[in-house]
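Summary of structural features
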Amino acid sequence: MQLAVLGRLLSVGRAVLAALRGWLGALCWSLSPLSLPLSLPGWRGGPPGLAGPGLSPRPEPERERDDASPTPTSVNYHFTRQCNYKCGFCFHTAKTSFVLPLEEAKRGLAMLKEAGMEKINFSGGEPFLQDRGEFVGKLVQFCKQELELPSVSIVSNGSLIRERWFEKYGEYLDILAISCDSFDEDVNVLIGRHQGKKNHVENLRTLRQWCQKYAVAFKINSVINRFNVEEDMKEQIKALNPVRWKVFQCLLIEGENSGEDALREAEKFVISDEDFERFLDRHKDVSCLVSESNEKMRDSYLILDEYMRFLNCRNGRKEPSKSILDVGVEAAIKFSGFDEKMFLRRGGKYVWSKADMKLDW
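Quick summary incoming for the structure in this document. Predicted, not measured: the structure shown is a model, and the values here were computed from it. (Residues numbered from 1 in each chain as written. Predicted model: local features only at pLDDT ≥ 70, side-chain atom pairs only at ≥ 80, totals over all residues. Heavy atoms only, no water.)

**Thoughts on the environment of K168**
Residue position: K168 is located in helix 4 (residues 163–169). Judged by its relative accessible area of 45%, K168 is partly exposed. The spatial distance from the C-alpha of K168 to the C-alpha of Q141 is 9.5 Å, given a sequence separation of 27 residues. A distance of 3.0 Å separates the side chain of K168 from the side chain of E134, its partner in a polar contact. (Helix = DSSP H or I, 4+ residues; strand = E, 2+ residues; numbered from the N terminus. Buried < 20%, exposed > 50% of the residue type's maximum accessible area, 1.4 Å probe, protein only. Polar contact = N/O pair within 3.5 Å; in protein donor to acceptor, adjacent residues only side chain to side chain.)

Written out as structure tokens, the structure reads:
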């Protein structure tokens, strides 16, 4: 009985602390034009309004006209920008080396769950670089075991994943998406999707086998660009039989892969809308194909950066909100530029829990 009373008191205490944090967050937002160096307790990475520790402030995105906050049903958490590949069109480049402490990341994920998150996707950079995959593994386990999220997924280039990771964390992962832009290894080298002598395509097939062995749904992501737009991938994709083949049109983001302060120069990779449509038409009989043009991509993803700030891409560059760790999810998401209707229109919500998938494991 005493333990039950104590539990209820702790729950009330947490609710009061959450309310206070939200109130303080709102106060920070209202005072931000005064350029005061405010930072709430619990933030360890420097003021979230900065592009990174020691960097000058970025302009805040314009406020949404609609005061209603969208629900963070599906969130993409790019917890690291570091990567062992150098893909020429990458639009989330290694501009910082910062990674949140594990417990802070868990706190933010719990806040997102409370706000309505059903699916979390961990990305980068390369998520398996941090602590040899242990960091993302612990987050995957936390989200499935503690938060009981319906869907937990990872996007990776696959080069650093080992079978022992599946043995330890595979049961907690719903979907593993591997980026593969070509089934011609010379083209992968031209794009920058390689490291040393390791064959990216051969590794893709190995990862497919491990996913089947450890009951993880296998997905492929491909960026269609100037170097692969004429390729016919039908037979290879059908042989690998992913649950989804996500086909993206190469996208320019100022400050990331375009412009003076960018770390990549992706202009040479860009294709026209007509080129993209021709590629899609060539692969129209691949049943698992899901296409995403630049128009669909830009505003239909909720992206969290390494500081847990939502990134607004509406103006062609990534403009960060305040961190959810400081102001709460509801305040931060209003500045995300997220188009919830486009998210649903592009098929952003689908059967994403492996418990609901009818697959031959």
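**Re helix 3 (residues 134–146)**
Each full turn of the α-helix corresponds to 3.6 residues, which orients residues three or four apart in the same direction. Along its 13 residues, helix 3 runs 17 Å from first to last C-alpha, staying within 8% of the 18 Å computed at 1.5 Å per residue. Restricting attention to buried positions, one finds in helix 3 the residues F135, V136, G137, L139, V140, F142, C143 and K144. Each element contacted by the buried residues of helix 3 is listed here: strand 1 (74–78), helix 2 (102–114), strand 2 (119–123), strand 3 (151–156) and helix 4. Immediately downstream of helix 3, the backbone of E148 shows phi near 55°, a positive value. (Expected span 1.5 Å × (residues − 1). Contact = heavy atoms within 4.5 Å.)

**Some remarks on the side chain of R309**
By the element assignment, R309 lies in strand 9 (residues 309–312). Only 2.8 Å separates the side chain of R309 from the side chain of D305, close enough to count as a polar contact.

**A short note on the nonpolar core**
Soluble globular proteins tend to pack their nonpolar side chains together in the buried interior. Grouped together as the largest cluster of nonpolar side chains are 68 residues, with contacts concentrated most on Y77, L109, I120 and F122. The dominant element in this core, judged by the number of residues it contributes, is helix 3, at six residues. (Core = buried A, V, L, I, M, F, W, Y, C linked by side-chain atoms within 4.5 Å.)

**Some words on the packing of aromatic side chains**
Scanning the model with the defined rule gives 15 aromatic pairs in all. Geometrically, the ring pair formed by F89 and F269 is edge-to-face, given 5.6 Å between the ring centres and 90° between the ring planes. Pair noted here: F89 is in the loop between strand 1 and helix 2 and F269 is in the loop between strand 6 (244–249) and helix 8 (273–282), with a separation of 180 residues, a long-range link. Overall, F269 belongs to the buried group, its relative accessible area being 2%. (Phe/Tyr/Trp six-rings, centres within 6.5 Å; stacked < 30°, edge-to-face > 60°.)

**Some points on the pairing of strand 3**
Burial analysis of strand 3 places six of its six residues in the buried class, which makes it a mostly covered element. The alternating pattern of strand 3 places S151, S153 and V155 on one face and V152, I154 and S156 on the opposite face, and all of these are buried. Across four bridges, strand 2 lies against strand 3 in parallel orientation. Counted as the bridge partner of N121 is S153 from strand 3. Since strand 2 and strand 3 lie parallel, the crossover through helix 3 that links them has a hand, and here it is right-handed. Sheet analysis places strand 3 next to strand 4 (residues 175–179), joined by four bridges and oriented parallel. In the sheet register, S153 faces strand 4, and the bridge partner there is I175. Handedness of the crossover joining strand 3 and strand 4 through helix 4 is recorded here as right-handed. (Pairing = 2+ DSSP bridges. Right-handed = clockwise from strand over helix to strand, strands pointing away.)

**Brief notes about a negative patch on the surface**
Together, D273, E274, E277 and E295 make up a negatively charged patch on the protein surface. The biggest single contributor to the negative patch is helix 8, with three residues. In this structure, E277 sits in helix 8. You can call E277 partly exposed: its relative accessible area is 49%. (Patch = residues over 30% accessible without salt bridge, like charges linked within 9 Å, V, L, I, M, F, W, Y side chains within 5 Å. Areas by Shrake-Rupley, 256 points an atom, 1.4 Å probe, with all protein chains shown as cover. Salt bridge = Lys/Arg side-chain N within 4 Å of Asp/Glu carboxyl O. Lys, Arg positive; Asp, Glu negative; His and termini not counted. Charge placed at Lys NZ, Arg CZ, Asp CG, Glu CD.)

**Focus on the environment of L129**
Residue position: L129 is located in the loop between strand 2 and helix 3. Overall, L129 belongs to the partly exposed group, its relative accessible area being 37%. C-alpha separation for the pair L129 and C83, spaced 46 residues apart in sequence, amounts to 7.0 Å. In this view, L129 contacts Q82, C83, N84 and L160; residues no more than four positions away in its chain are not counted.

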